[in-house]
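# Structural overview
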Amino acid sequence: MDKRIRRSCLALASILALAGCSTQEDVVEAEAPPAARPAPLHSERGGIGLLLASGDKSAMNTVTVNTFRSLIVTETAIVNNFSLREVMDQLAVQSGVAGMTGLKLYRQLWDTQNPTPGQVNPNQHCNDQMSGSVSVFNSFPYQCRNAEGVQAGQDPFNVATQGYRAVGLFNRFDLAPADGSNCGEYRIVFARRSGETNAGQRNFMIFEAVLPNPHQDEGLDGCLPVAEFWQRLTTNPDVASRTQQLRTFYLQGLPGFRPVVHIDNYGADPATVAGQIRTNQFMQANWLLREFKLQKTCLAGTCTSLRAILSTDKVNPFGPLFSPTSTHARAEDFRFFFASQVEALARNDVNLFNMDVQDQFNAGQSDAQGTENNYTFHFGNNASALRTLIQNELTRIGSTLTPNQIVSRAKALSCAGCHDLSNGNNLGGGVVWPNSLGFTHVSELTEEGPEGTRFRISPALTNVFLPHRKAVLEEYLSRPRPCHNVCNPGNPIATHCSPCAAAVCEGDPFCCSGSWDVICVEAAQDVCGLACNAQ
């Protein structure tokens, strides 16, 4: 085929590919009900992290990563270069809403914790929905939090005690789904400065971005540049260089990838509603965790608002649903639903047992001090319909676990359980839930590490969760890849790997059946208009 014609074919293929990967950017005001939305990524467990067989596979891998460079970064020399102001301001600018600022968005988020009319009006508030005298969300109790709501009138960017500082960056590549529909979650944790000296004034904001895969036609291999970015940090000894690379990844994006800090990565894309902002709230009893999503509203091409809206806490069923005496309208449906989760909860690996909770059962808060999230308390020890359903499932799969141990595992997966309620609990089958730092997994307090002063992390992260995530990332990076960069000689490249490979192989089939040699690389430069020496 003539080179000029092949270039035209490639251009057409590229246009079609881009059209197939486009995303809806605006929430359009309309009378019609919104289209069905796919379930967002699991907040803590999911993706390829659940595919790794029990046990650490690191010994099988040819690629290794440094946990504290490539999976979690808490060194003050690095995280001090990330500010809440620039995150909030970047989100505000991306909205395209006239007059929107990061400070307005911050204040609006915290005003949701105030009873109506609040300080930012009109707005969503904690008592917009009532059941008798009780404020509710998703039909379950939702406590108003005036102590945190006061932040709706504060400036967190300039005042030391009211301000926030970054305490950790988290790589959750393990949450990338096996089909590569996204590339996992990437988090920034901010802690309120007042909590450094006053435990009753602690507060955390956790920005949990789901990063889209711009090359979904390549499946999970389309996420390889993200994994390799984190891998390269392992071999980079220069703190300033690693800092700049992380800032680029989070605030600007890798080539071809959206920046991590983007409104659509925190729920504003109505096509996915993926990602969230979570809060860990200590300023008022009881200590609890909540979740928010960003929502942008546009009409006729003009965006009129960006706000943080209340969301359910994922994998956090309302505790009293476990009670044999629950009269909640969803209690019976919950019993049959929970029985369907027994097999996944019975997996005898602390990193792999799981449940996927239908959102109709999720509460809007996860309480770590009272009984609301204490599932074992509500389940009790007496005979019940739920106990029978659980036991029947355990018998069917041949498990020696007890119904109480299954419920204990469910509690451990809730926010409150993971952060506090399940510390040190025996979950059966030799599984013991590891300890947090006492309702957090990263602290405002520092310690000395091998690369300088860093914010403390929990024993659960250090000894249990991070080793698993390390094995998942290393296994992904070490696996054979049928698709590779067309600028690199090597194994033959299948025509489905990229439009460029398909165009080259149409003229020279050997490149896709024999070997992708230097002749194929030269053809790629010619046919696809690449400058491979710049790769």
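Anything mentioned here points back to the structure above.
Before going into details, it helps to say that this report is about the structure given with it. Treat the numbers as computed from the prediction; the structure is a model and nothing was measured.

Okay, the packing of aromatic side chains next. Under the counting rule described, the total for this entry stands at 27 aromatic pairs. Taken together, a centroid distance of 6.4 Å and an interplanar angle of 55 degrees make the contact between Y106 and F157 tilted. Of this pair, Y106 sits in helix α5 (residues 102–111) while F157 sits in the loop between α6 (146–149) and β6 (164–172); the two residues are 51 residues apart in sequence, bridging distant segments of the chain. By relative accessible area, which is 17% here, F157 ends up buried. These aromatic residues form a ring-pair network of at least three members: F82, Y186, F229, W230, F249 and Y250. A cation over a ring is seen here: R247 above F82, with NZ or CZ 5.9 Å from the ring centre. The ring of F68 is capped by R454, whose NZ or CZ atom sits 5.0 Å from the centre of that ring.

What the rule picks out here adds up to seven disulfides. The disulfide bridge from C500 ends at C528, spanning 1.9 Å between sulfur atoms. What sets the handedness of the C500 and C528 disulfide is the S-S torsion sign, and at about 100 degrees it is right-handed. Taken together, the positions of C500 in helix α16 (residues 499–507) and C528 in helix α18 (residues 518–528) put the pair 28 residues apart, joining distant regions of the chain. In this structure C500 comes out as buried when scored by relative accessible area, which is 9%. What makes C528 buried here is its relative accessible area of 14%. Linked covalently through their sulfurs, C505 and C512 form a disulfide whose S-S length is 1.7 Å. Linking C505 and C512, the disulfide has an S-S dihedral of approximately 80 degrees and is accordingly described as right-handed. Judged by relative accessible area, which is 7%, C505 ranks as buried. Take C415: it sits in no disulfide, and the sulfur closest to it among the cysteines is that of C418, at 7.6 Å. Residue classification places C415 among the buried residues on the basis of a relative accessible area of 7%.

Let's shift gears to the pattern of salt bridges. Under the criterion given, the structure shown has 21 salt bridges. Taking the shortest distance from any N to any O, the salt bridge between E451 and R69 comes out at 3.0 Å. Remark: R69 occurs in helix α2 (residues 67–70) and E451 occurs in the loop between β13 (442–449) and β14 (452–457); sequence separation between them is 382 residues. Judged by relative accessible area, which is 26%, E451 ranks as partly exposed. Judged by relative accessible area, which is 14%, R69 ranks as buried. The residue D174 makes a salt bridge to R172 at a minimum N-O spacing of 2.8 Å.

Quick notes on the rules
- Residues numbered from 1 in each chain as written.
- Predicted model: local features only at pLDDT ≥ 70, side-chain atom pairs only at ≥ 80, totals over all residues.
- Heavy atoms only, no water.
- Phe/Tyr/Trp six-rings, centres within 6.5 Å; stacked < 30°, edge-to-face > 60°.
- Helix = DSSP H or I, 4+ residues; strand = E, 2+ residues; numbered from the N terminus.
- Buried < 20%, exposed > 50% of the residue type's maximum accessible area, 1.4 Å probe, protein only.
- Lys NZ or Arg CZ within 6 Å of the ring centre and 35° of its normal.
- Disulfide = S-S within 2.5 Å.
- Salt bridge = Lys/Arg side-chain N within 4 Å of Asp/Glu carboxyl O.

Keep in mind that these numbers describe shape and distance, not what the molecule does.
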